[in-house]
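Below, each chain spelled out in residue letters.
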Amino acid sequence: MEKINFKKKYGQNFLSDTNLLKAIVSDSLITPEDEVLEIGAGAGALTQELAKSAKKVVSFEIDKSLENILFEKLNSYNNVELIFSDILNIKTQEIDNLFQNNYKIVANLPYYITSPIIFKFLEESKKLDSMTIMVQKEVAEKMLAKPRTSSYGVLTVMVNYYADVKITRTVKKQMFTPMPKVDSAIVYLKLKQKPFDKEFKRFIQTAFSMRRKTLLNNLLKLYKKEDIESVFNKLNISLNTRAEELSVTEFETLYNSFRQK
Ligand code: SAM
């Protein structure tokens, strides 16, 4: 195999351990009928395992210099399509159109764009079934954070609003080449198939905009004080409450009450 010049700017931390690659595929619950989207083919190690298990794999890779390595590795699979492009520059609808049915994302994500990728697909895809993604452990912990902790925030609420979330395993940093600074985890998100609501996102971002302020104070950017007080009273929420104290369900109830006003 050609020598690889790993590019840090693209978040290139590759996997090669076959047991781990198979475990990721198993966590993703893909079957031979499934169509899969991979983000960041790298040297094709995960792509190859996915190709063995799925009906079809579409894999995006931003780094064109990996082309020869990938062609060599994946040459014998006729169910893989490689697209050399920045996935964030492709409209989500165009990506949806690459698949016949609902598809599953399985990816060892480039860490520098973890959140933009998660939001892009959670919010915009009309055909996404689930995501099985390798993320930094700290990000996984944010996704599963409990209210009243410092990790609990916009990412937690948004991800749990759109999906059922669980960590399927943690992965030591030694499993990657080159080795990153921190450990990782694999997160499985099963989409609840809710339509995207731009206003809900704005509501949550505003609620958490100044963490040291009360929720009421932050929401003054969106609503009149007397309206906030009346909704809080109706729902028995104390006026001193901070955003991080409300659960995802409580946020949904609160948001719906403002909409009904
Ligand atoms: N799947 C491989 C593996 O597990 O060994 C590589 C994973 S590596 C963490 C992430 C890959 O995503 C890199 O190959 C990187 O070049 C690619 N990448 C980074 N930014 C990208 C983008 N915007 N669009 C598509 N691929 C990207």
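Use the structure listed above.
Residues numbered from 1 in each chain as written. Predicted model: local features only at pLDDT ≥ 70, side-chain atom pairs only at ≥ 80, totals over all residues. Heavy atoms only, no water.

*Asks:* A description of the overall build of the chain should follow, citing residues and the corresponding values.
*Replies:* When helices and strands are counted, the chain shows 11 helices and nine strands. The principal-axis extent of the C-alpha atoms belonging to the chain is close to 65 × 40 × 30 Å. Of all 261 residues assigned to the chain, the portion counted as buried reaches 50%. Approximately 13100 Å² of the chain is accessible, and the part contributed by carbon and sulfur atoms is 47%. A gap of 5 Å separates the mean positions of the 40 positive and 32 negative side-chain charges of the chain. (Helix = DSSP H or I, 4+ residues; strand = E, 2+ residues; numbered from the N terminus. Buried < 20%, exposed > 50% of the residue type's maximum accessible area, 1.4 Å probe, protein only. Areas by Shrake-Rupley, 256 points an atom, 1.4 Å probe, with all protein chains shown as cover. Lys, Arg positive; Asp, Glu negative; His and termini not counted. Charge placed at Lys NZ, Arg CZ, Asp CG, Glu CD.)

*Asks:* Account for the nonpolar core, naming residues and giving values.
*Replies:* Counting residues in hydrophobic clusters, the biggest one holds 58 residues, and the most contacted among them are Leu 37, Ile 105, Phe 121, Ile 133, Met 143, Phe 251 and Leu 254. No other element matches the six residues that helix α7 (residues 154-162) contributes to this core. Taken domain by domain, the makeup of this core includes at least three residues from each of domain 1 (8-191) and domain 2 (198-260). When neighbours within four sequence positions are excluded, Phe 121 is seen to be in contact with Leu 37, Ile 39, Ile 87, Thr 92, Ile 95, Tyr 103, Ile 105, Leu 128 and Met 131. Core analysis: the next-biggest nonpolar cluster, separate from the first, contains 30 residues, Ile 24, Ala 41, Leu 66 and Phe 176 among them. (Core = buried A, V, L, I, M, F, W, Y, C linked by side-chain atoms within 4.5 Å. Domains from an automatic or database assignment. Contact = heavy atoms within 4.5 Å.)

*Asks:* Any chance you could break down the layout of surface pockets for me, citing the residues and the numbers?
*Replies:* Roughly 470 Å³ of internal volume is contained in the largest pocket. Taken together, 32 residues form the lining of the largest pocket, with Phe 14, Gly 40, Ala 41, Gly 42 and Glu 61 sitting closest to its centre. Counting residues per element, the ones that place at least two in the lining of the largest pocket are β1 (14-15), β2 (35-39), α2 (45-53) and β3 (56-61). By residue class, the composition of the lining of the largest pocket is 18 nonpolar, 10 polar and four charged. One number sums up the size of the second largest pocket: a volume of about 280 Å³. Broken down by class, the residue content of the lining of the second largest pocket amounts to seven nonpolar, four polar and three charged. (1 Å grid on protein atoms, 1.4 Å probe; cavity = no way out; pocket = protein on both sides within 12 Å on 5 of 7 lines; lining within 4 Å. Points joined across faces, edges and corners; volume = space filled by probe spheres on them. Nonpolar A, V, L, I, M, F, W, Y, C, P; charged D, E, K, R; others polar.)

*Asks:* Tell me about the packing of aromatic side chains, residues and numbers included.
*Replies:* For the coordinates displayed, the defined rule picks out 13 aromatic pairs. For the ring pair Tyr 162 and Phe 196, a centre distance of 6.3 Å and an interplane angle of 45° mean the geometry is tilted. One end of the pair, Tyr 162, is in helix α7; the other, Phe 196, is in the loop between β9 (184-191) and α8 (198-207), and 34 residues separate them in sequence. For the pair Phe 208 and Phe 251, a centre-to-centre distance of 5.6 Å together with 45° between the ring planes defines the contact as tilted. Of this pair, Phe 208 sits in the loop between α8 and α9 (215-219) while Phe 251 sits in helix α11 (residues 248-260), and the two are 43 residues apart along the sequence. Through successive ring pairs, a cluster of aromatic residues spans Tyr 161, Tyr 162, Phe 196, Phe 200, Phe 203, Tyr 223, Tyr 255 and Phe 258. Seen from the ring of Phe 121, Lys 120 lies directly overhead, with NZ or CZ sitting 5.8 Å from the centre. The ring of Tyr 161 carries Lys 194 above its face, with NZ or CZ at 3.7 Å from the centroid. (Phe/Tyr/Trp six-rings, centres within 6.5 Å; stacked < 30°, edge-to-face > 60°. Lys NZ or Arg CZ within 6 Å of the ring centre and 35° of its normal.)

*Asks:* An account of empty space enclosed by the protein is requested, with residue identities and associated values reported.
*Replies:* Here the structure, examined in full by the defined rule, presents one cavity of 30 Å³ or more. Estimates place the volume of the largest cavity at around 40 Å³. In this structure, the largest cavity is lined by Ala 207, Phe 208, Met 210, Arg 211, Lys 213, Asn 218, Arg 242, Ala 243 and Glu 244. Taken together, the residues of the lining of the largest cavity break down into four nonpolar, one polar and four charged.

*Asks:* Describe helix α5 (residues 114-124), naming the residues involved and giving the relevant values.
*Replies:* The element α5 is largely enclosed, with a buried count of eight among its 11 residues. Inspection of α5 places Thr 114, Ile 117, Ile 118, Phe 119, Lys 120, Phe 121, Leu 122 and Glu 123 among the buried residues, and these make up the whole buried set.

*Asks:* Give a description of the pairing of β3 that names residues and reports values.
*Replies:* Sheet faces and side chains relate simply in a regular strand, where the side chains alternate between the two faces. In terms of burial, β3 is largely enclosed, as five of its six residues are buried. Sheet topology places β2 next to β3; five bridges connect them, and they run parallel. Note on β3: the bridge partner recorded for Leu 37 is Val 58. Handedness of the β2-α2-β3 crossover: right-handed. Where β3 lies against strand β4 (residues 80-84), five bridges are found, and the strand directions are parallel. Bridge pairing in β4 links Ser 59 to Leu 82. Read as a crossover between parallel neighbours, the route from β3 over helix α3 (residues 67-74) to β4 is right-handed. (Pairing = 2+ DSSP bridges. Right-handed = clockwise from strand over helix to strand, strands pointing away.)

Just distances and angles here, no functional claims.
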